[in-house]
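Listed below, chain by chain, are the residues.
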Amino acid sequence: MANLFDSLLGDVDPSSTFAVVETDGAAWTYGSIIAESGRFANVLNDLDVQPGDRVVAQVPKSLDSIALYLACLRLGAIFVPLNTAYTLHEVDYFISDSAAVLFVCDPACLSRYASVMQKNKVGLETLGAEKDGTLIKKAAQVSEYFASADRQTHDIVAILYTSGTTGRSKGAMLTHANLLSNASTLVKLWRFSDRDVLFHALPIFHTHGLFVATNVVMLSASSMIYVPKFTVDAAIEFLPQCTTMMGVPTYYTRLLNDRRLDAECVRNMRLFVSGSAPLLKETLLRFEQRTGHRILERYGMTETNMIASNPYDGERKAGTVGCPLPDVDVRIRDAHTGLEVSTGDVGILEVKGPNVFCGYWNNPVKTAEEFRQDGYFMTGDLACKDNEGYIEIVGRSKDVIVSGGLNVYPKEIETLLNSVEGVQESAVIGVPHPDFGEAVVGLLVVSRAIFCSDALSVEIQGKLAGYKRPKKLLMIPELPRNSMGKVLKVQLREQYHDLFTNS
């Protein structure tokens, strides 16, 4: 028996607290989440969902949505969570591509999706954030007891669709073994126990909020304060009751903008974790100065879960994502020669380990393209290692700018721009140029009260080679981001595509 459900919850004390919900203050025990997942599993079974069938869910964040995830585990179905921001057109693609048998959505969206599900011959159920929806009604009529389906370690437990920045989104297939190995490693590495209380503000359609935060809580029998989304007010209210927090850099920058964040507010905290997007060195240092806590930055992706982490004990190096996890092998290779690069040199980060997915759903060609013959997955991230093995992520390979035949790595320039007083954040992109092929463009979000363009010019002139210097620096109100805080450089490149070619 290798069912992830039994590994996560098989030995838990049913009377212990699983989560406290911000919206109504209700406390769920482990027994109540297990019971609800059992009822949902019986409903899915009555709907003729079989082991291996795909259940697609686009539902608001609630503990019932966690119960739906667990129900799929118990039944042996494959859980496919979708971003709640996806449009009808996008959902239609995911339903068709996954060959789903059931789609679960917010009751408020029922009429929007009815015709699409009818066209695809897919069952349609609803699940809301307020104990509403057809699944809730049906679950009230069935037993909470359900025997977990017999699963093998290599069986697929979930499909997570990538962001699709280079074409149609691809479904990354994750197995029971993938998710269990990563959760087990993180529980040990980050010292989680049943005494911990996690401030959970992340979305649960993404690997960070679901497979990192929630799985780690369940495997360690800890508890969480569960909020629908991150707000500074909620964080300030609940952090004094918590011991840990996982978030994206935006959460920490917003907290730093509120004077209520201080050492007293985080008096019971032992760990702040950041990921899903790069954490600025300035943010890390300011947070440490304000609270006494140094944020632990880690690194992962949809296809691999977590790959690297700064240490719990030991130096948490600013600008790095730490070292590979104990059971994960990482190497950095030259994109052209395929040879491993020297310490300090930039190359494509490749990873191998029990955390790495088994391939893209219904796409063997793309799967073969992304794996080396010896089993290493090519992440597409540009990285380098220092003498102590700490990894710095330089950017995505597709983000490299080739200007006048020379490679320019955006992160180097962004780090310099962000160090200038008055620059809040920056994004560096390459756009077509009639002479250089691509031109470097810097997009800046600045605090106009203290920003000095002359200081910026001095920094660039003295610290960047000519071919790396931005041909244009543009001030913009904010950088576009996805739901996990990653800057949407594809959108920026499209927006400024004609900056030089039309002049």
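Residues numbered from 1 in each chain as written. Predicted model: local features only at pLDDT ≥ 70, side-chain atom pairs only at ≥ 80, totals over all residues. Heavy atoms only, no water.

Topic: the packing of aromatic side chains
Two descriptors summarise a pair of aromatic rings, namely the distance from one centre to the other and the angle between the planes of the rings.
Part 1: Evaluated as defined, the whole model comprises 16 aromatic pairs.
Part 2: Relative to tyrosine 30, the ring of phenylalanine 18 lies with its centre 5.0 Å away and its plane at 65°, an arrangement referred to as edge-to-face. In this pair, phenylalanine 18 sits in strand β1 (residues 17-21) while tyrosine 30 sits in helix α2 (residues 30-46), placing the two residues 12 residues apart along the sequence. Like phenylalanine 18, the residue tyrosine 30 is buried in the burial classification.
Part 3: Seen from their ring centres, phenylalanine 230 and tyrosine 251 are 4.2 Å apart, and the 10° between their planes marks the pair as stacked. Residue phenylalanine 230 is located in the loop between β10 (223-226) and α9 (232-238), and its partner tyrosine 251 is located in helix α10 (residues 249-256); the two are separated by 21 residues in the primary sequence. (Phe/Tyr/Trp six-rings, centres within 6.5 Å; stacked < 30°, edge-to-face > 60°. Helix = DSSP H or I, 4+ residues; strand = E, 2+ residues; numbered from the N terminus. Buried < 20%, exposed > 50% of the residue type's maximum accessible area, 1.4 Å probe, protein only.)

A word on the sheet that holds strand β25 (residues 472-475)
Part 1: With mixed pairing, the three strands of this open sheet are ordered in space as β23-β24-β25. The open sheet terminates on both sides in strands that have one partner only, identified here as β23 (423-433) and β25. Going across the sheet, the axis of each strand differs from the next one's by a mean of 25°, ignoring polarity.
Part 2: The sheet contact formed by strand β24 (residues 437-446) and β25 spans four bridges and is parallel. Following the sheet pairing, glycine 442 is matched in β25 by leucine 473.
Part 3: Relative to β23, helix α13 (residues 410-418) is tilted by about 145°, and along the sheet it contacts β23, β24 and β25. (Pairing = 2+ DSSP bridges. Axes fitted to C-alpha atoms, helices over the stretch in contact; angles between N-to-C directions. Contact = heavy atoms within 4.5 Å.)

Observations concerning the pattern of salt bridges
Part 1: This structure, assessed with the given rule, holds 23 salt bridges.
Part 2: When the shortest N-O distance is used, the salt bridge between arginine 270 and aspartate 196 registers 2.8 Å. In this pair, arginine 270 sits in the loop between α10 and β12 (271-274) while aspartate 196 sits in the loop between α7 (176-189) and β9 (197-200), placing the two residues 74 residues apart along the sequence.
Part 3: Relative accessible area serves as the criterion here: at 4%, aspartate 196 is assigned to the buried category.
Part 4: The residue lysine 317 makes a salt bridge to aspartate 386 at a minimum N-O spacing of 2.7 Å. Of this pair, lysine 317 sits in the loop between β14 (305-309) and β15 (323-324) while aspartate 386 is found in the loop between β19 (377-385) and β20 (391-396), placing the two residues 69 residues apart along the sequence.
Part 5: Judged by relative accessible area, lysine 317 falls into the buried class, the value being 15%.
Part 6: Beyond isolated ion pairs, a larger network of salt bridges with shared partners links Glu36, Arg39, Asp64, Lys131 and Glu144. (Salt bridge = Lys/Arg side-chain N within 4 Å of Asp/Glu carboxyl O.)

Observations regarding helix α5 (residues 110-120)
Part 1: Within the span of α5, buried status applies to Tyr113, Val116 and Met117. Considered in projection along α5, the buried side chains sweep an arc of 100° and stay on one side of the axis. Of the residues in α5, the exposed ones pointing more than 90 degrees away from the buried face are Ser111, Gln118 and Lys119.
Part 2: Phi for lysine 121, located one or two positions after α5, is positive at around 55°. (Arc of directions from axis to C-beta.)

Considerations on the environment of threonine 250
Part 1: Position of threonine 250 relative to the elements: it lies in helix α10.
Part 2: Judged by its relative accessible area of 18%, threonine 250 is buried.
Part 3: Each C-alpha atom, one on threonine 250 and one on alanine 308, is 20 Å from the other, the two residues being 58 residues apart in sequence.
Part 4: In this structure, threonine 250 is in contact with Arg481 and Gly485, ignoring residues within four places of it in sequence.

Some thoughts on the environment of threonine 379
Part 1: Positionally, threonine 379 belongs in strand β19.
Part 2: With relative accessibility at 3%, the residue threonine 379 sits in the buried group.
Part 3: In this structure the C-alpha to C-alpha distance between threonine 379 and serine 193, which are 186 residues apart in sequence, comes to 31 Å.
Part 4: Non-local contacts of threonine 379, meaning those with residues more than four positions away in its chain, are made with Tyr299, Met301, Ile307, Leu349, Val351 and Arg396.

Quick look at the nonpolar core
Part 1: Formed by 114 residues in total, the largest nonpolar core has its most connected members in Phe18, Tyr69, Phe199, Leu239, Met245 and Met246.
Part 2: In this view, methionine 245 contacts Leu198, Phe199, Phe230, Leu239, Tyr251, Tyr252, Leu255, Met269, Leu271, Phe272 and Val273; residues no more than four positions away in its chain are not counted.
Part 3: Counting residues in each nonpolar core, the second largest holds 22 residues, with Leu82, Tyr113, Met117 and Val122 among its members. (Core = buried A, V, L, I, M, F, W, Y, C linked by side-chain atoms within 4.5 Å.)

Remarks on the sheet that holds strand β17 (residues 347-352)
Part 1: Within the open sheet, the four strands sit side by side as β16-β17-β19-β20. Their pairing is antiparallel. Either end of the sheet is taken by a strand with one partner, and the two such strands are β16 (329-333) and β20. Along the sheet, successive strands turn relative to each other by an average axial angle of 45°, direction set aside.
Part 2: Relative to β20, β19 runs antiparallel, the two sharing five bridges. Each bridged residue has a counterpart across the sheet, and for lysine 385 the counterpart in β20 is isoleucine 391.

Thoughts on the pairing of β23
Part 1: Of all the 11 residues making up β23, eight are buried; the element is thus mostly covered by neighbouring parts of the structure.
Part 2: Relative to β24, β23 runs antiparallel, the two being bridged by 10 bridges. For valine 431, the partnering residue across the bridge sits in β24 and is alanine 439.

Some thoughts on α7
Since there are 3.6 residues in each turn of an α-helix, residues three or four apart along the chain are aligned in direction.
Part 1: With 14 residues, α7 extends 20 Å from end C-alpha to end C-alpha; this agrees with the ideal 20 Å at 1.5 Å per step.
Part 2: The set of residues buried in α7 consists of His176, Asn178, Leu179, Ser181, Asn182, Ala183, Thr185, Leu186 and Val187.
Part 3: Directly beyond the C-terminal end of α7, a positive phi value near 60° is found at arginine 191. (Expected span 1.5 Å × (residues − 1).)

Observations concerning the layout of surface pockets
Part 1: Looking at the second largest pocket, its volume works out to about 260 Å³.
Part 2: Every residue lining the second largest pocket is counted, 15 residues in all, and those nearest its centre are Val21, Thr23, Asp24, Ser62 and Ala129.
Part 3: Taken together, the residues of the lining of the second largest pocket sort by class into eight nonpolar, two polar and five charged. (1 Å grid on protein atoms, 1.4 Å probe; cavity = no way out; pocket = protein on both sides within 12 Å on 5 of 7 lines; lining within 4 Å. Points joined across faces, edges and corners; volume = space filled by probe spheres on them. Nonpolar A, V, L, I, M, F, W, Y, C, P; charged D, E, K, R; others polar.)

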